[in-house]
Protein chains: 2
Amino acid sequence: MSTKPASTRDRLTLNAVKLFRQKGYHGVGLAEILAESDAPKGSLYHHFPNGKADLAVAAATLASDMLLQTIDDSFANAPTFREGGTNLCFKLAKFFDISGTWDGCPVSGILFDGPENEVFRDHANSIFTGWLNRVAEHARRLNEPRPDEKAEMLLITIQGAWTLARARRDSDVLRALPSKFLGPCESEA
Amino acid sequence: MSTKPASTRDRLTLNAVKLFRQKGYHGVGLAEILAESDAPKGSLYHHFPNGKADLAVAAATLASDMLLQTIDDSFANAPTFREGGTNLCFKLAKFFDISGTWDGCPVSGILFDGPENEVFRDHANSIFTGWLNRVAEHARRLNEPRPDEKAEMLLITIQGAWTLARARRDSDVLRALPSKFLGPCESEA
DNA sequence: GCACCTCTGGACCGAACGGTCTAGAGCCAT
DNA sequence: ATGGCTCTAGACCGTTCGGTCCAGAGGTGC
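Residues numbered from 1 in each chain as written. Chains lettered and ligands numbered in written order. Predicted model: local features only at pLDDT ≥ 70, side-chain atom pairs only at ≥ 80, totals over all residues. Heavy atoms only, no water.

- By the naming in an unreviewed UniProt entry, chain A goes by Putative HTH-type transcriptional regulator YxaF and is assigned to Actibacterium lipolyticum.

Right under this line is the structure:
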């Protein structure tokens, strides 16, 4: 569809991320991914010998890496955990908005909906754990008390708010998270 | 597959809920639902003239009603909002456990993954709003301050924790919610 | 030139998909 | 018994699915 900015492999992976997030693993056909990537079937099975399942794992991994980068960006210059978390929520809200298609969580859409495969479940779990550890790292670095709990809290609320945002087609609930979950306990009226 | 406990229509709807929650809308074929319900194709299209889409809407509605009932049960005899919320988290955790298949949220799996249809999106939104209003009602009845905010907070965290529970195949994160989100602000060490 | 290798292009396949259609079973009222 | 209704039963349809296969384009080293 669009121009060819990168290698065929990268185009396939990137478009797979986009489409899987929109419609889930089973909701997207290979034909659509190939058309969007302007690639023939032979290329797909050259780069991903096991076909759709391989592609999904690669897509989930790529999406996970992008989120890890977003986490790092959010906390890099933040003086406090609260501020870093706020950055993250706002970045994700903006990310949600610019997609224009109210995409789902990259991991849920790709891996939960995937073939009922132990490998997929484990991959999803390890990706979530990776996010959790990364956030907890920043929390620890910023001397936040109970860093693991705080990290889990942040990710749980983001995950839930993202789902609600999807239903409402409105990312405001993501932006409202910090004042509700990261703020001092009883600051607002 | 199993015995016929109810009308064909009810069996179809109930099995649709079960299967859609396990594998999402596109992950389940009509053949599987029909086999599980011991019903022929003609029956499905008699009760649901628009086929799979109709069935999905009916399934989502049924699942939503079941959750509304669980909400009411949780808050019925609870003296405080905190206690009602705790009941809800524990009931859902048990529900998650007994399924044995780490099913997803009934609405997400059925409606987000469904055909890219305005009707489906709106239905998902109205179902979420229904849950929110129901919880807020109980909060108001129990004199909880800021009932709407508290209801939204509870549902967001449940939604997020459910996703994490699915990845981990362990419902403990749901059971741990109350002490983290519903408790007094800084009670634990 | 030639051999070699990576990658592309697309025809082709059987299976599964959602959906249509008609025959008739079973039941009730007349 | 007969006509009319609801619901079941499943054959059948065209389409799309993921996957296989092979011919050959294009580059690189010799």
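Brief notes about the overall build of chain A
At step 1: Tallying secondary structure elements over chain A gives 10 helices and 0 strands in all.
At step 2: Each helix and strand of chain A, ordered N terminal to C terminal, gives the series α-α-α-α-α-α-α-α-α-α.
At step 3: Here chain A has a C-alpha radius of gyration of 18 Å; the compact-globule value for 189 residues is 16 Å, and the two agree.
At step 4: Seen through its C-alpha atoms, chain A measures out along the principal axes to roughly 60 × 30 × 30 Å.
At step 5: Taking all 189 residues of chain A together, 51% fall into the buried category.
At step 6: Restricting the contact set of chain A to residue pairs at least 6 apart, pairs at least 24 apart contribute 66%.
At step 7: Taken as two groups, the 22 positive and 24 negative side-chain charges of chain A have centres that lie 4 Å from each other. (Helix = DSSP H or I, 4+ residues; strand = E, 2+ residues; numbered from the N terminus. Rg over C-alpha atoms; globule rule 2.2 N^0.38 Å. Buried < 20%, exposed > 50% of the residue type's maximum accessible area, 1.4 Å probe, protein only. Contact = heavy atoms within 4.5 Å. Lys, Arg positive; Asp, Glu negative; His and termini not counted. Charge placed at Lys NZ, Arg CZ, Asp CG, Glu CD.)

A short note on empty space enclosed by the protein
Over the atoms, a rolling probe the size of a water molecule traces out where space has been left empty.
At step 1: In total, this model carries 1 cavity of 30 Å³ or more according to the counting rule given.
At step 2: Roughly 450 Å³ of volume is contained in the largest cavity.
At step 3: Taken together, 29 residues make up the lining of the largest cavity; nearest its centre are A:Ser108, A:Gly109, B:Ser108, B:Gly109 and B:Arg166.
At step 4: Every element with two or more residues in the lining of the largest cavity is listed here: α1 (8–23), α6 (106–112) and α8 (147–168) of chain A together with α1 (8–23), α6 (106–112) and α8 (147–168) of chain B.
At step 5: By residue class, the composition of the lining of the largest cavity is 8 nonpolar, 13 polar and 8 charged. (1 Å grid on protein atoms, 1.4 Å probe; cavity = no way out; pocket = protein on both sides within 12 Å on 5 of 7 lines; lining within 4 Å. Points joined across faces, edges and corners; volume = space filled by probe spheres on them. Nonpolar A, V, L, I, M, F, W, Y, C, P; charged D, E, K, R; others polar.)

Here's the deal with the relation of the copies chain B and chain A
At step 1: Laying chain B over chain A is done by rotating through 180° and shifting 0.0 Å along the axis; what remains is an RMSD of 0.0 Å. In symmetry terms, the pair is related by a two-fold rotation axis. It is B:Gly160 whose C-alpha, among those of chain B, lies nearest the rotation axis, at 1.9 Å.
At step 2: A share of 100% of interface residues in chain B that are also interface residues in chain A marks the association as one of identical surfaces. (Least-squares fit on C-alpha atoms with pLDDT ≥ 70 in both.)

Things to note about the UniProt feature "domain: HTH tetR-type" (unreviewed entry) in chain A
At step 1: Annotation from UniProt places "domain: HTH tetR-type" (unreviewed entry) at residues 6–66 of chain A.
At step 2: The annotated region residues 6–66 of chain A carries 75% helix and 0% strand content, and the separation between its end C-alpha atoms amounts to 17 Å. (UniProt positions renumbered as here; feature names shortened; annotations may be inferred.)

A look at the environment of A:Val119
Residues and elements named next belong to chain A.
At step 1: Inspection of the secondary structure puts Val-119 in helix α7 (residues 118–141).
At step 2: Accessibility expressed as a relative area gives 52% for Val-119, which makes it exposed.
At step 3: In this structure, the C-alpha to C-alpha distance between Val-119 and Val-57, residues 62 residues apart in sequence, is 9.3 Å.

Some remarks on the protein's contact with DNA strand C
At step 1: Taken together, 15 residues sit near DNA strand C, with A:Thr8, B:Leu30, B:Lys41, B:Tyr45 and B:Lys52 positioned nearest.
At step 2: By atom count, sugar and phosphate contribute 53% of the portion of DNA strand C lying within 4 Å of the protein.
At step 3: Between DNA strand C and B:Leu30 there is a distance of 2.6 Å, counted from a phosphate oxygen to a backbone nitrogen or oxygen.
At step 4: Between DNA strand C and B:Lys52 there is a distance of 2.6 Å, counted from a phosphate oxygen to a side-chain nitrogen or oxygen.
At step 5: Mapped onto the surface near DNA strand C, the elements with two or more residues apiece are α3 (41–47) of chain A together with α2 (30–37) and α3 (41–47) of chain B. (Near = heavy atom within 4 Å. Polar contact = N/O pair within 3.5 Å; in protein donor to acceptor, adjacent residues only side chain to side chain.)

Remarks on the interface of chain B and chain A
At step 1: On the side of chain A, 39 residues touch chain B, which itself brings 39 residues to the contact.
At step 2: On the surface where chain B and chain A come into contact, there are 8 salt bridges.
At step 3: The shortest N-O distance in the salt bridge between B:Arg168 and A:Glu152 comes to 3.1 Å.
At step 4: If you list the elements that add at least two residues to the side of chain B that touches chain A, you get α6, α7 (118–141), α8 and α10 (177–182) of chain B.
At step 5: Broken down by element, the side of chain B that touches chain A gets its largest block of residues, 13 residues, from α8(B).
At step 6: Split by residue class, the side of chain B that touches chain A holds 14 nonpolar, 10 polar and 15 charged. (Salt bridge = Lys/Arg side-chain N within 4 Å of Asp/Glu carboxyl O.)

Some thoughts on the environment of B:Ala63
Residues and elements named next belong to chain B.
At step 1: Looking at the element boundaries, Ala-63 is found in helix α4 (residues 52–76).
At step 2: Residue Ala-63 is classed as buried on the basis of its relative accessible area, which comes to 4%.
At step 3: Measuring from C-alpha to C-alpha, the distance between Ala-63 and Leu-142 comes to 26 Å, with 79 residues separating the pair along the chain.
At step 4: Discounting chain neighbours no more than four positions away, the residues touching Ala-63 are Val-17 and Pro-106.

Some points on the packing of aromatic side chains
At step 1: In the structure shown here, the tally under the stated rule is 12 aromatic pairs over all chains.
At step 2: Between B:Phe128 and B:Trp131, the aromatic rings sit 5.3 Å apart at their centres with planes inclined by 90°, giving edge-to-face as the arrangement. Of this pair, B:Phe128 and B:Trp131 both sit in helix α7, 3 residues apart, which is roughly one turn of the helix. As far as burial versus exposure is concerned, B:Phe128 and B:Trp131 are alike and both buried.
At step 3: An aromatic cluster is present here, built from A:Phe20, A:Tyr25 and A:Phe120 joined pairwise through their rings.
At step 4: Between the NZ or CZ atom of A:Arg169 and the centre of the ring of A:Trp102, over which it lies, the distance is 5.5 Å. (Phe/Tyr/Trp six-rings, centres within 6.5 Å; stacked < 30°, edge-to-face > 60°. Lys NZ or Arg CZ within 6 Å of the ring centre and 35° of its normal.)

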